[in-house]
Amino acid sequence: GVCVSITTSNNRLVVGGEEKIWMVDLQTWKIINTIQTDKVNWWLTTSGDRIFSDHGLPYLTCHNLSGEKLYTTTPLPTNILSITSLLDGSLYVTCGNLHVYHVSPDGQSYELVQTEGLKGFKVNFNKTLHKLSLCDKRGVVRIFHLF
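Residues numbered from 1 in each chain as written. Predicted model: local features only at pLDDT ≥ 70, side-chain atom pairs only at ≥ 80, totals over all residues. Heavy atoms only, no water.

Attention shifts here to the sheet that holds strand β4 (residues 31-40). The sheet built from four strands is open, its strands ordered β1-β2-β3-β4 with antiparallel pairing. Two strands lie at the open edges of the sheet, namely β1 (5-9) and β4, each paired on one side alone. Going across the sheet, the axis of each strand differs from the next one's by a mean of 20°, ignoring polarity. (Pairing = 2+ DSSP bridges. Helix = DSSP H or I, 4+ residues; strand = E, 2+ residues; numbered from the N terminus. Axes fitted to C-alpha atoms, helices over the stretch in contact; angles between N-to-C directions.)

Shown next as structure tokens:
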């Protein structure tokens, strides 16, 4: 298959493709599990034993590492552009309107993050440094420190 997105979880490489997510053992480089999805997995992030996949739609799908679909999140205002997980299992999501939303750990609620300058195209959270980075459509990167 074709690699569209990539992340890691529990010493596994998690690769998103067209209607599949593959989990690869980082020691042996063998595929240890394949999750069948019904859409392209444009963006992936993991939190504990959960994998969140974005399909270019206004909601995310959550699977566990065994491949069981756990839930679909409440739809956000517009299509999702990128996702990243936070330490508590919640998510930050950027949408087509370039706003950032905080999605609850259970995926059932969200709220607009209203921090000055917190608007962007792609989002990433570094769990070690507690820093959130946002890239806008012009290529400008902004860094925010989260406590």
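That covers the picture; the talk isn't over yet.
The strand order β9-β10-β11-β12 describes an open sheet built from four strands, whose pairing is antiparallel. Looking at strand neighbours, the two that pair on one side only are β9 (80-85) and β12 (110-112), the edges of this open sheet. Taken pair by pair, the neighbouring strands of this sheet meet at an average axis angle of 25°, ignoring direction. Judged from the five bridges that link them, β9 and strand β10 (residues 91-95) form a sheet pairing that is antiparallel. By the bridge assignment, isoleucine 83 is partnered in β10 with valine 93.

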